[in-house]
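Spelled out from the first residue to the last, the chains are:
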Amino acid sequence: MSGAPPDALERAVEAALFAADEPMTAEDLSRHLGGAAVRPALAALAEHYAGRGVELVERGGRWHFQTAPDLAHLLRRDREDVRRLSRAATEALAIVAYHEPVSRAEIEAIRGVQTAKGTLDVLLEAGWIRVAGRREVPGRPTIYATTPAFLTHFGLQTRRDLPGIDELRAAGLLDPVDAAFAALTGGSDEPPDASPQKDDELS
């Protein structure tokens, strides 16, 4: 788009994305625009907006406009978030992200403590995890996976962009589930020793 006026399809894609209530896939945009081949227009728009105050990005196969990361501080409001994730919810979200799909029992086995129902409810309400079906084992427990909204919120294109275990350990984000993560990622063949205890970390 640089140096030349945008064509009609680029303008239509741009307008559709600006007006959308949530990120859209290329297929969504194509249907919205009468079956048009929108990928070249998306690539041209992404190039046009690169480095500007607003950028066009793809996260988890969905496209949306976002404020450039280096300008985000200009738009922050001086207020506390109404609801912050508890330590329990943060750990549960990390486990789902790295090991999906997982059941509540599997989350508890990794954390070493029981996970209160409200912990997963908070993540479901935030739109960061979803029910992904049921495990085909006795009792058929519900299993959970992350959502495109999770990728969008944390600025990830795919789950492959998640930080590595070593990065998380260096940041101190694996305590107290460090040993369990190590076991699941090849550091040990032994499951965590701790029997589940009551989860008292909900805020």
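Everything discussed here concerns the structure shown above.
If you're wondering where the values come from, they're calculated on a predicted model, not measured in any experiment. (Residues numbered from 1 in each chain as written. Predicted model: local features only at pLDDT ≥ 70, side-chain atom pairs only at ≥ 80, totals over all residues. Heavy atoms only, no water.)

**Things to note about the sheet that holds strand S3 (residues 62-67)**
And step 1. Ordered by their spatial adjacency, three strands build an open sheet running S1-S3-S2, and the pairing between neighbours is antiparallel. Edge positions in the open sheet fall to strand S1 (24-25) and strand S2 (54-59), since each of these has one partner strand only.
And step 2. With two bridges connecting them, S1 and S3 associate as antiparallel partners. What sits directly across from threonine 25, in S3, is arginine 62.
And step 3. Sheet strands in contact with helix H1 (residues 8-19) are S1, S2 and S3, and its direction is about 75 degrees off that of S3.
And step 4. Helix-sheet contacts for helix H3 (residues 39-49) involve S2 and S3, and the interaxial angle to S2 is about 135 degrees. (Pairing = 2+ DSSP bridges. Helix = DSSP H or I, 4+ residues; strand = E, 2+ residues; numbered from the N terminus. Contact = heavy atoms within 4.5 Å. Axes fitted to C-alpha atoms, helices over the stretch in contact; angles between N-to-C directions.)

**With respect to the nonpolar core**
And step 1. Membership of the largest hydrophobic core comes to 18 residues, with the highest contact counts inside it found for Leu93, Val96, Ile107, Leu120, Leu123, Ile129 and Phe150.
And step 2. Those elements that place two or more of their residues in this core are helix H4 (87-99), helix H5 (104-111), helix H6 (117-126) and helix H7 (148-153).
And step 3. The element contributing the most residues to this core is H4, with six residues.
And step 4. Apart from residues lying up to four places away in sequence, valine 96 is in contact with Val102, Ile107, Ile129, Tyr144, Ala145 and Thr146.
And step 5. If you look at the next biggest cluster of nonpolar residues, it comprises 14 residues, including Leu17, Ala41, Leu45 and Trp63. (Core = buried A, V, L, I, M, F, W, Y, C linked by side-chain atoms within 4.5 Å. Buried < 20%, exposed > 50% of the residue type's maximum accessible area, 1.4 Å probe, protein only.)

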